[in-house]
Amino acid sequence: MDQHPNNAVNYPALAVPQIQLHGPVDDAMYATFKQQLAAASAGEGPLVVSITTLGGDPEMARAMGDSIRLLRDYTGRETLFLGKVAVYSAGATFMSAFPVDKRFLTRNTRLMLHERQMNAAVDLKGPLTTLPAVLKAKLHEIEHSIVIQEEGFRAIVAGSRVDFETIREKAVANWYIDAEEARDLGLVLDVI
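Chains are numbered independently. Their residues run from 1 in the order of the written sequence. Two thresholds apply to this predicted model, a pLDDT of at least 70 for residue-level local features and 80 or more for giving and counting side-chain atom pairs, whereas whole-chain, interface and lining totals are computed over all residues. Values reported for side chains reflect all heavy atoms of the structure, with hydrogen atoms and water molecules removed beforehand.

Caption draft 1: Structural context of the overall build of the chain. In DSSP terms, a helix is any run of H or I states spanning at least four residues, a strand is any run of E spanning at least two, and both are numbered starting from the N terminus. Along the chain, the regular secondary structure elements total six helices and seven strands. Tracing the chain from N to C terminus, the helices and strands come up as β-α-β-α-β-α-β-β-α-α-β-α-β. Seen through its C-alpha atoms, the chain measures out along the principal axes to roughly 70 × 40 × 25 Å. Burial classification: accessible surface area is computed with a 1.4 Å probe over protein chains only, and a residue below 20% of its type maximum counts as buried, one above 50% as exposed, and the rest as partly exposed. Residues counted as buried form 38% of the 192 residues belonging to the chain. When contacts within the chain are restricted to residue pairs at least 6 apart in sequence, those whose partners lie at least 24 apart make up 71%. Here, Shrake-Rupley sampling with a 1.4 Å probe gives the accessible areas, and only protein chains in the shown set may cover a residue. Of the accessible surface of the chain, which amounts to about 10600 Å², a share of 55% is contributed by carbon and sulfur atoms. Any two residues whose heavy atoms approach within 4.5 Å at even a single point are treated as in contact.

In structure tokens, the structure reads:
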């Protein structure tokens with residue numbers, strides 16, 4: 001007996017995504033995304049976006065997500081997310097732009113959620129009176145990055161059975177979630 005029911009028949013629109021993204025979330029992916037979005041915007045019916053990524057630049061993911069949100073807000077067109085194989089880090093940030101009832105994963109896909117990373121050195125050089133400003137600027141950067149991170153966490157869990165405190169706790173140590181668990185937690189609608 002097949003332990004994986006064929007849910008694909010319930011979602012025929014997912015068969016051929018109009019936008020297919022793979023690789024690192026970066027400037028090149030954003031350029032590809034914009035080209036595919038422009039080509040698919042004139043179409044009718046649900047717009048399906050698939051992604052396979054090990055992560056990348058969270059700001060590029062947020063920018064792509066904003067494009068999806070604006071398309072939905074201005075046209076009312078249904079937008080569907082299809083994660084394939086790996087939806088890590090910035091890929092999950094992109095996924096957060098879609099409501100949970102518009103998110104799907106293929107079987108054996110994994111999500112990975114983690115805190116934003118920073119690798120920086122603070123160079124304290126110059127007159128003593130200027131050094132506190134250098135430290136305050138770096139502290140403000142960290143504080144603002146935490147605010148953006150928490151906005152993203154709230155968007156990922158909105159409408160799911162995962163609360164904000166849980167994601168904040170688990171993201172510290174890279175939270176890997178398989179497709180079935182993601183469905184059971186309400187982070188995605190279904191697994192196909």
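Caption draft 2: Spatial organisation of a nonpolar patch on the surface. Grouping into patches uses exposed residues only, defined as over 30% relative accessible area, and leaves out salt-bridged ones; the cut-off is 9 Å for like charges and 5 Å for nonpolar side chains (Val, Leu, Ile, Met, Phe, Trp, Tyr). One side-chain nitrogen of Lys or Arg within 4 Å of one carboxyl oxygen of Asp or Glu is enough to make a salt bridge. Residues Val122, Leu124, Val134 and Leu135 make up a contiguous nonpolar surface patch of roughly 300 Å² in combined accessible area. Checked against the element boundaries, Val134 lands in helix α4 (residues 131-157). The exposure class of Val134 is partly exposed, given its relative accessible area of 33%.

Caption draft 3: How the structure looks around unusual backbone geometry. Even without being a glycine, Val85 presents a positive backbone phi close to 70°. As for its placement among the helices and strands, Val85 is situated in strand β3 (residues 79-88). Unusually for a residue other than glycine, Asn108 sits at a positive phi of about 70°. Inspection of the secondary structure assignment puts Asn108 in the loop between β4 (103-105) and β5 (110-113).

Caption draft 4: Fine view of the nonpolar core. Residues Leu21, Phe94 and Ile167 are the most contacted members of the largest nonpolar core, which totals 40 residues. When neighbours within four sequence positions are excluded, Phe94 is seen to be in contact with Leu21, Phe33, Val49, Ile51, Ala61, Met64, Gly65, Ile68 and Phe81. Among the buried residues, those of types Ala, Val, Leu, Ile, Met, Phe, Trp, Tyr and Cys that are joined through side-chain atoms within 4.5 Å form a nonpolar core. Ranked by size, the runner-up nonpolar core spans six residues in total, among them Val48, Leu80, Leu82 and Ile192.

Caption draft 5: Quick peek at the pairing of β5. Strand pairing is assigned whenever DSSP detects at least two bridges linking the two strands. As defined by bridge partners, β3 adjoins β5 across three bridges and the pair is classed as parallel. Among the inter-strand pairings, Val87 is bridged to a residue of β5, identified as Leu111.

Caption draft 6: Quick look at the side chain of Gln149. With respect to the helices and strands, Gln149 occurs in helix α4. A relative accessible area of 10% means that Gln149 is categorised as buried. If we ignore the near neighbours within four places in the chain, the residues touching Gln149 are Glu115 and Arg116.

Caption draft 7: View of the packing of aromatic side chains. Pairing of aromatic side chains requires ring centres within 6.5 Å, counting the rings of Phe and Tyr and the six-membered ring of Trp. Pairs whose planes differ by under 30 degrees are stacked, by over 60 edge-to-face, and all others tilted. Tallying each qualifying case throughout the model produces six aromatic pairs. Centroid distance Phe33 to Phe94: 5.9 Å. Interplanar angle 80°. Geometry classified as edge-to-face. With a gap of 61 residues between them, Phe33 in helix α1 (residues 27-40) and Phe94 in helix α3 (residues 90-95) connect regions that are remote in the sequence. Just as Phe33 is buried, Phe94 falls in that class too. Aromatic ring contacts, followed pair by pair, group Phe33, Phe81, Phe94 and Phe98 into a single cluster. By definition, being over a ring means that NZ of Lys or CZ of Arg is both within 6 Å of the ring centre and within 35 degrees of the ring normal. Positioned over the ring face of Phe164 is Arg154, at 3.7 Å from the centre of the ring.

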